[in-house]
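# Observations on chain architecture
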Amino acid sequence: MAGIDEAGRGPLAGPVVVAAVVFAAGRTPVNGLDDSKVLSEKQREALYPRILERALAWKIVFVEADEIDRRNIFQATMHGMREALLGVAHVADCARIDGNKLPKDLPCPAEAWVGGDARDRSIMAASILAKVTRDARMCELHAHYPQYGFDRHKGYPSPAHLAALREFGPCPQHRRSFAPVRAAMATRPTQGVLPGLPLPD
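Described below are features of the structure shown in this document.

How each quantity is defined
Residues numbered from 1 in each chain as written. Predicted model: local features only at pLDDT ≥ 70, side-chain atom pairs only at ≥ 80, totals over all residues. Heavy atoms only, no water. Buried < 20%, exposed > 50% of the residue type's maximum accessible area, 1.4 Å probe, protein only. Helix = DSSP H or I, 4+ residues; strand = E, 2+ residues; numbered from the N terminus. Pairing = 2+ DSSP bridges. Arc of directions from axis to C-beta. Contact = heavy atoms within 4.5 Å. Phe/Tyr/Trp six-rings, centres within 6.5 Å; stacked < 30°, edge-to-face > 60°. Lys NZ or Arg CZ within 6 Å of the ring centre and 35° of its normal. Axes fitted to C-alpha atoms, helices over the stretch in contact; angles between N-to-C directions.

## Details of the pairing of strand β1 (residues 2-7)
Look at any regular strand and the pattern is simple: side chains alternate between the two faces of the sheet. Taking burial as the measure, the six residues of β1 include six buried ones, the bulk of the element. Both faces of β1 are covered, namely the face carrying Ala2, Ile4 and Glu6 and the face carrying Gly3, Asp5 and Ala7. Sheet topology places β1 next to strand β2 (residues 16-22); six bridges connect them, and they run antiparallel. Of the residues in β2, the one forming a bridge with alanine 2 is valine 22.

What follows is the structure, encoded as structure tokens:
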């Protein structure tokens with residue numbers, strides 16, 4: 001059974017990150033799993049390497065801001081979920097995907113589980129991989145664009161982030177299809193192109 005979850009649908013900047021995790025049948029070989037939102041940052045970071053080590057297979061997919069703008073956030077998320085499942089399909093007979101919608105053209109049977117990140121341990125593991133990976137990317141982006149405070153709010157529309165958007169305008173990592181970013185573009189120029197940030201595999 002593959003569990004699939006995402007992190008980053010709501011932010012104004014940065015990627016959506018989708019993860020898929022497959023554990024062997026039987027007892028899950030990682031203790032302490034839970035929905036990533038109820039775990040502390042320290043707990044998530046401790047669980048992350050244990051999940052990678054003990055899963056039969058795992059896959060992490062980045063859907064970058066320009067692709068989110070091109071596809072829209074829903075379709076971008078569905079695309080990321082399909083790509084993540086394709087990455088573990090060689091060991092997955094079926095999948096459980098957090099949410100109420102399934103992507104099209106999946107490589108195996110799948111179920112949509114509302115609240116799955118609190119119900120299924122493979123989805124919990126996927127939620128942790130997605131959250132830790134995305135938070136690390138946003139801290140990386142902070143090094144290039146410190147004026148926005150990405151290391152603190154991770155791109156979500158906090159008051160500080162909205163104030164920075166009004167003051168500086170958007171950077172290339174902002175999602176132009178999101179209303180607050182469009183509003184900022186109307187009054188401030190776009191910040192410079194991101195220099196030399198490597199794309200994920």
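## As for helix α6 (residues 159-168)
An α-helix turns once every 3.6 residues. As a result, residues three or four positions apart point the same way. Within α6 the residues assigned to the buried category are His161, Ala164 and Leu165. Down the axis of α6, the sector holding all buried residues measures 105 degrees, keeping them to one side. Pointing more than 90 degrees away from the buried face of α6 are the exposed residues Pro159 and Arg166. Elements in contact with the buried residues of α6: α5 (150-153) and α7 (179-185).

## Quick word on the packing of aromatic side chains
Per the stated rule, a full pass over the model turns up three aromatic pairs. Seen in terms of ring centroids, tyrosine 148 and phenylalanine 168 are 6.2 Å apart; in terms of plane orientation they differ by 75 degrees. Their pairing is edge-to-face. In this pair, tyrosine 148 is assigned in the loop between α4 (121-144) and α5 and phenylalanine 168 in helix α6, connecting sequence segments 20 residues apart. These aromatic residues form a ring-pair network of at least three members: Tyr145, Tyr148, Phe150 and Phe168. Over the face of the ring belonging to tryptophan 113 we find arginine 119, whose NZ or CZ atom lies 4.2 Å from the ring centre.

## Considerations on unusual backbone geometry
Comment: phi is negative for the bulk of residues other than glycine, and the bulk of peptide bonds are trans. Phi is positive for aspartate 105, close to 55 degrees, though the residue is something other than glycine. One non-glycine residue, lysine 154, lies in the positive phi region at around 60 degrees. Mapped onto the secondary structure, lysine 154 falls in the loop between α5 and α6. Using a relative accessible area of 14% as the deciding quantity, one classes lysine 154 as buried.

## Section: the sheet that holds strand β3 (residues 57-63)
Pairing is mixed in the open sheet, where five strands are placed in the order β3-β2-β1-β4-β5. On the outer flanks of this sheet lie β3 and β5 (110-113), each paired with one strand and no other. The mean angle between the axes of side-by-side strands here comes to 20 degrees, regardless of whether they run parallel or antiparallel.

## Some words on the environment of isoleucine 73
In this fold, isoleucine 73 is placed in helix α3 (residues 73-88). Note: C-alpha distance between isoleucine 73 and phenylalanine 178 (105 residues apart in sequence) is 9.2 Å. Aside from chain neighbours lying at most four places away, what touches isoleucine 73 is Arg9, Val16, Ile68, Arg175 and Phe178.

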